[in-house]
Protein chains: 2
Amino acid sequence: MSGGTKDAVAVIGAGLIGWAWAICFARAGHAVKLYDVSQPALEAALGLIETALHDLRDNGLLDDPAAAQARISTAATLEEALAGVAYVQENVRETVEAKQEIFAALDRIADPAAILASSSSNIRASLFTETLPGRARCLVAHPANPPHLVPIVELSPAPWTDPAVVDRARALHDAAGMSAILVRREVPGFILNRLQGALLAEAFKLVADGYASAEDVDKTIKDGLGLRWAFMGPFETIDLNAPGGIADYIDRYAPMYWDMQEMQATPRRWDEPLRDALESERRDALPADRLGDRQAWRDRRLMALLAHKRAAAKEIGE
Amino acid sequence: MSGGTKDAVAVIGAGLIGWAWAICFARAGHAVKLYDVSQPALEAALGLIETALHDLRDNGLLDDPAAAQARISTAATLEEALAGVAYVQENVRETVEAKQEIFAALDRIADPAAILASSSSNIRASLFTETLPGRARCLVAHPANPPHLVPIVELSPAPWTDPAVVDRARALHDAAGMSAILVRREVPGFILNRLQGALLAEAFKLVADGYASAEDVDKTIKDGLGLRWAFMGPFETIDLNAPGGIADYIDRYAPMYWDMQEMQATPRRWDEPLRDALESERRDALPADRLGDRQAWRDRRLMALLAHKRAAAKEIGE
C-alpha cells in the first residue's frame, strides 16, 4: 500500500520513545509529523531516525529507509503538527500534570475525529482525560522500549473511551506491524509491567535469599524459559507442556504452583543492600562505561531476532 | 575433542526426558548407556533419538547424527548400564518413593566415584538421598523440556552434597553445551519453575479478573518481554533499561513495582471456572487433536531459534 493512502499521524515529544514511534508509523506508510518543544531535540531526532532506519535495512527489516525518512517531517508548533492528522501519539514527561496539560491542548487543537493516544507507561488514561470534552477519543497506547524493535503495544482505554476508538487504534497499530493488545479494564502497570513485575519480584527474592546469583537467574530465563516465550506466550507454553493441554497441565501442576504462590506471597522491598548487591554484580559483569555499547548490542540482537522470527514464521509457521 | 576421551554416562529411564538427555551427552562426545525397565520403551527411544538427531542436523545444530547415535547403547540391566560410567542421569517416575528406590540402587551399584544426578523437577535431593552411604555424590540436575532443545539445567545439591561433585557436574554440563546454573540452597520448584510460577500466577489473575484475554497475555510476552528475555535475562534487561544501570532502574521504578507487589500478593487458586475458561480459549485457538502437531511446530521453532542464537552470538556477540 502506498503511503499516500494512509492516515497522517502526529508524534508529540521527540525523545527516545517519540522518535522510535515516528519510525513505526513512517515505515508502515503513514505521513508523520514530529513535534517537540525543544528544537534541538527535534533536530537530533531526525539524525537518530536516519541511523535507525539504515540499521533496520541492514538487518533485512526494511526495504527503503529513504522513503520512510521522507514521510517524516518536523513541525514548528503543536498546531502545525496536529493539522490534518487522524491519530496522535503523545510522549511527553511521565507526570500526571504534564499529561493533563498536553491532553487539554491536544483535545482543543486536533481535528475532532482524531484519536489521541498516550505512550504513558504508568499513568492511566482516566487520570488525565476525565474532564476533556473529547475524552471519548483518548486512550493509552503503551509501547515497549524501543517501539520500533519490540512490536507490543498495550491499548488501555479509560472507562469513557469510545470502543470504536479502541478498535480503530488497534487496527492502525496492527496494520503498521505492531502487536496491539487490549487492557480491558484499567489496572496499574497495564499487562506488560505487571507480568515483568511479578517475575522480577521473585527474581529479586531468589537473589536476596541466597538461592541463586543474578547471573544464574538471567541464564535460567535466556537459556530456558525465554526461548519458548520468544515465540509463544506463557499460556501456549503450558498448553503444550502436558499431553492433554492446559486443563491437564493445571490438573497436574496447580498444587505445586499453589505451594510456591503461598511462599511467594509476601511483598518484599527492593532495599538498599539488595540494590547495592545487584548493582555490584552487574557492574562486575558490565562496567558502567560500557552500558551504552551494550544497549547498542541489545538493539542489534533484537533486530536479528526479529528478522529470524519473521523468517521462521514464514518457513515453519506462526 | 574426540568421543573416546570423555567420560561415559548412564541415562536411567528412557521416557521423553531420558532419551533427550541421551542426545545431549552423545552429541557432546560422551558414550551413553541408556536403560529402562521396559524393553519396548528402550527400543522406542532409539527410534525417537534417531529422528531427533536428524532434525538437529537439518537445523544446523549437529554435524554428524550417525556418530552421535553410535555413541548410544542400550543396557539390559541396571548393572550393565552403570558399569564404568562417571556420571548418571536418572529419569524415573516423579514420586519420592520411586526416587528413593532408584537412588538406593544407583548408590549400591555405581562406581563410588560416579556422580548420581536426578532429573526431578519438584523433589529435592535431600528427600531421597539422606540415608545413602554415597549421599555426598548425589544431586538434582533438572532440565527443561526437552533438554536437547532448551539448554538450561538447574543443579540443586542437598546440604550434604560435596561441593566438588557440584563443580564436576557443572563442568560436565557446560562442556556438553548445556547451560548449568547453581541452586545454592534447596527451594521448592528450584529457580526455573519459581520464576515461571510467579509469572503464571499474575497471568492467571489478569485473565480471571477480566483485564486481558489469555491470547493478549501471550502476545505481551512473545511480542514484548520474551524478545529481550530470549537472549538476556531479566536483570540484564533492567540494567539496560535505565541510563545509569540497574541501581538507577531500581531507584526509578521500585515504587511502581512495590504498588504492584502489594496488589499481586494474595495467592489465588487456579479454580475450576478459570481452568475451564482457559481450556476453552485455548481449544478455540488450537483443537485438542492438533496438540501433537503444535508440539512438533514448537520443537522446530526452538531448533531454528537456537541456530539463530548461535549465529547471532558469533556475529553480534554474546
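Just so we're clear, the structure is a prediction, and the values are computed from it rather than from any experiment.

Trainee: Is there a simple way to think about the sheet that holds strand β8 (residues 179–182) of chain B in this case?
Mentor: What links the strands of a sheet is backbone hydrogen bonding, and the strands pair in either a parallel or an antiparallel sense. Residue and element names in this part refer to chain B. Strand order in the open sheet made by the eight strands is β3-β2-β1-β4-β5-β6-β7-β8, with mixed pairing throughout. What marks the edges here is a single partner per strand, and that holds for β3 (72–74) and β8. For this sheet the average axis-to-axis angle between neighbouring strands, irrespective of direction, equals 25°. Across four bridges, the pairing between strand β1 (residues 9–12) and strand β4 (residues 87–90) is parallel. Residue pairing for β4: V9 is matched across the bridge by Y87.

Trainee: What's the story with the packing of aromatic side chains in this structure? I'm lost.
Mentor: A ring pair, where both rings are aromatic, is described by two values, the distance of the centres and the angle of the planes. Under the defined criterion, the tally for this structure stands at 19 aromatic pairs over all chains. Their ring planes at 35° and their centres at 5.4 Å tell us that A:Y257 and B:W270 sit as a pair that is tilted. Highlighted residues: A:Y257 in helix α11 (residues 246–264) and B:W270 in the loop between α11 (246–264) and α12 (272–285), drawn from two different chains. Neither A:Y257 nor B:W270 differs from the other in exposure class; each is buried. A centroid spacing of 4.7 Å and a plane angle of 55° characterise the contact between B:Y249 and B:Y253, whose relative ring orientation is tilted. Of this pair, B:Y249 and B:Y253 both sit in helix α11, separated by four residues, roughly a single helical turn. Residue B:Y253 is classed as partly exposed on the basis of its relative accessible area, which comes to 28%. Here the aromatic residues A:F204, A:W270, B:F235, B:Y249, B:Y253 and B:Y257 are joined through ring pairs into a cluster of three or more. For B:R185, the ring lying beneath its charged end belongs to A:Y211, and the centroid distance is 4.4 Å. Taking the ring centre of A:W258 as reference, the NZ or CZ of B:R269 above it sits at 3.7 Å.

Trainee: Is there a simple way to think about the environment of B:S213 in this case?
Mentor: On the secondary structure map, B:S213 appears in the loop between α8 (192–208) and α9 (214–229). For the pair B:S213 and B:L278, spaced 65 residues apart in the sequence, the C-alpha separation amounts to 9.1 Å. Sequence-distant contacts of B:S213, defined by excluding residues within four places in its chain, comprise A:R184, B:V207 and B:E281.

Trainee: What should I look at first to understand the relation of the copies chain A and chain B in this one?
Mentor: Copies of the same chain, two in number, are related to each other by a rotation about an axis and a translation along it. Least-squares fitting of chain A to chain B yields an RMSD of 0.0 Å, with the superposition described by an axial translation of 0.0 Å and a rotation of 180°. Such a combination of rotation and displacement between the chain copies is what one expects of a two-fold axis. Closest to the rotation axis within chain A is the C-alpha of A:A265, separated from it by 2.3 Å. With an isologous cut-off of 70% or more, the 100% of interface residues of chain A that recur at the interface of chain B puts this contact in the isologous class.

Trainee: How do you make sense of empty space enclosed by the protein when you look at a structure like this?
Mentor: Which parts of space are left empty comes out when a probe the size of a water molecule is rolled across the atoms. Tallying each qualifying case throughout the model produces one cavity of 30 Å³ or more. Reported here for the largest cavity is a volume of approximately 220 Å³. Lining the largest cavity are 17 residues, with A:A198, A:Q264, A:A265, B:Q264 and B:A265 sitting closest to its centre. Looking at the lining of the largest cavity, the elements with two or more residues in it are α8 (192–208) and α11 of chain A together with α8 and α11 of chain B. In the lining of the largest cavity, the residues fall into eight nonpolar, five polar and four charged.

Trainee: Help me understand the sheet that holds strand β5 (residues 115–118) of chain A in this model?
Mentor: All names here are of chain A. Spatially, eight strands are ordered β3-β2-β1-β4-β5-β6-β7-β8 in an open sheet, and the strand pairing comes out mixed. The two strands at the open ends of the sheet, each matched to only one other strand, are β3 (72–74) and β8 (179–182). Neighbour-to-neighbour, the strand axes of the sheet open up by a mean angle of 25°, direction not taken into account. Pairing of β5 with strand β6 (residues 138–143), which is carried by three bridges, proceeds in the parallel orientation.

Trainee: Help me understand the nonpolar core, please; the structure alone is not making it clear to me.
Mentor: Most often, soluble globular proteins keep nonpolar side chains buried together rather than apart. A:I12 and B:I12 are the most contacted members of the largest nonpolar core, which has 218 residues in total. Ignoring sequence-local partners within four residues, the contact set of B:I12 consists of B:Y35, B:L78, B:A81, B:L82, B:V88, B:Q89, B:E90, B:N91, B:V92, B:I102 and B:L106.

Trainee: How should the pattern of salt bridges be read in this particular structure?
Mentor: Once their charged atoms are close, side chains differing in charge can pair, the charge on each being opposite to the other. Within the structure shown, the criterion is met by 34 salt bridges over all chains. Between A:D209 and A:R268 there is a salt bridge whose closest N-O contact spans 2.9 Å. You can see A:D209 sitting in the loop between α8 and α9 (214–229) and its partner A:R268 sitting in the loop between α11 and α12 (272–285), a full 59 residues away along the chain. With a shortest N-O distance of 2.8 Å, A:R275 and A:D276 are connected by a salt bridge. Given the relative accessible area of 35%, A:D276 is considered partly exposed. Beyond isolated ion pairs, a larger network of salt bridges with shared partners links A:E236, A:D239, B:E279, B:R282, B:R283 and B:R294.

Trainee: Hey, could you run me through the domain arrangement of chain A in this one?
Mentor: How big an interface is tends to be expressed through the accessible area that disappears when the partners come together. Along its sequence, chain A is carved into domain 1 (9–182) and domain 2 (193–285). On a C-alpha basis, the centres of domain 1 of chain A and domain 2 of chain A stand 32 Å from each other.

Calculation notes
- Residue numbers run consecutively from 1 along every chain, following the written order of its sequence.
- Written order decides the labels, with chains lettered from A and ligands numbered from 1.
- Owing to the predicted nature of the model, reporting of local features is limited to residues with pLDDT of at least 70; listing and counting of side-chain atom pairs is limited to 80 or more, with chain, interface and lining totals taken over all residues.
- Side-chain metrics rest on all non-hydrogen atoms present in the structure, leaving aside hydrogens and water.
- Only strands that DSSP links by at least two bridges are regarded as paired with each other.
- Numbering of helices and strands runs from the N terminus, with a helix taken as a DSSP run of H or I at least four residues long and a strand as a DSSP run of E at least two residues long.
- To define axes, lines are fitted to C-alpha atoms, for helices over the stretch in contact only, and angles between the resulting N-to-C directions are given on a 0 to 180 degree scale.
- Only centres within 6.5 Å qualify two rings of Phe, Tyr or Trp (six-membered ring in Trp) as a pair; their planes then separate them into stacked at under 30 degrees, edge-to-face at over 60, and tilted for everything else.
- Buried means the residue's accessible area, taken with a 1.4 Å probe over protein chains only, is under 20% of the maximum for its type, while exposed means over 50%, and partly exposed covers the values in between.
- Note on criteria: charge over ring means Lys NZ or Arg CZ within 6 Å of the ring centre, with the direction from the centre no more than 35 degrees off the ring normal.
- A contact between two residues is defined here by any heavy atoms of the two lying within 4.5 Å.
- In this comparison the copies share one frame, found by least squares on the C-alpha atoms of residues holding pLDDT of at least 70 in both.
- For cavity detection a 1 Å grid was placed over the protein atoms alone, and a set of points counts as a cavity when a 1.4 Å probe fits there but cannot get out; an open set counts as a pocket when protein lies on both sides within 12 Å along at least five of seven lines, with lining residues being those that have an atom within 4 Å of a point.
- Grid points are joined across faces, edges and corners, and a volume is the space filled by probe spheres set on the points.
- Ten residues, namely Ala, Val, Leu, Ile, Met, Phe, Trp, Tyr, Cys and Pro, are considered nonpolar, four, namely Asp, Glu, Lys and Arg, are considered charged, and the remaining ones, Gly among them, are considered polar.
- The set of buried Ala, Val, Leu, Ile, Met, Phe, Trp, Tyr and Cys residues whose side-chain atoms join them within 4.5 Å is what this entry labels a nonpolar core.
- Any carboxyl oxygen of Asp or Glu that lies within 4 Å of a side-chain nitrogen of Lys or Arg is treated as forming a salt bridge with it.
- Throughout, the edges of the domains are those of an automatic or database domain assignment.

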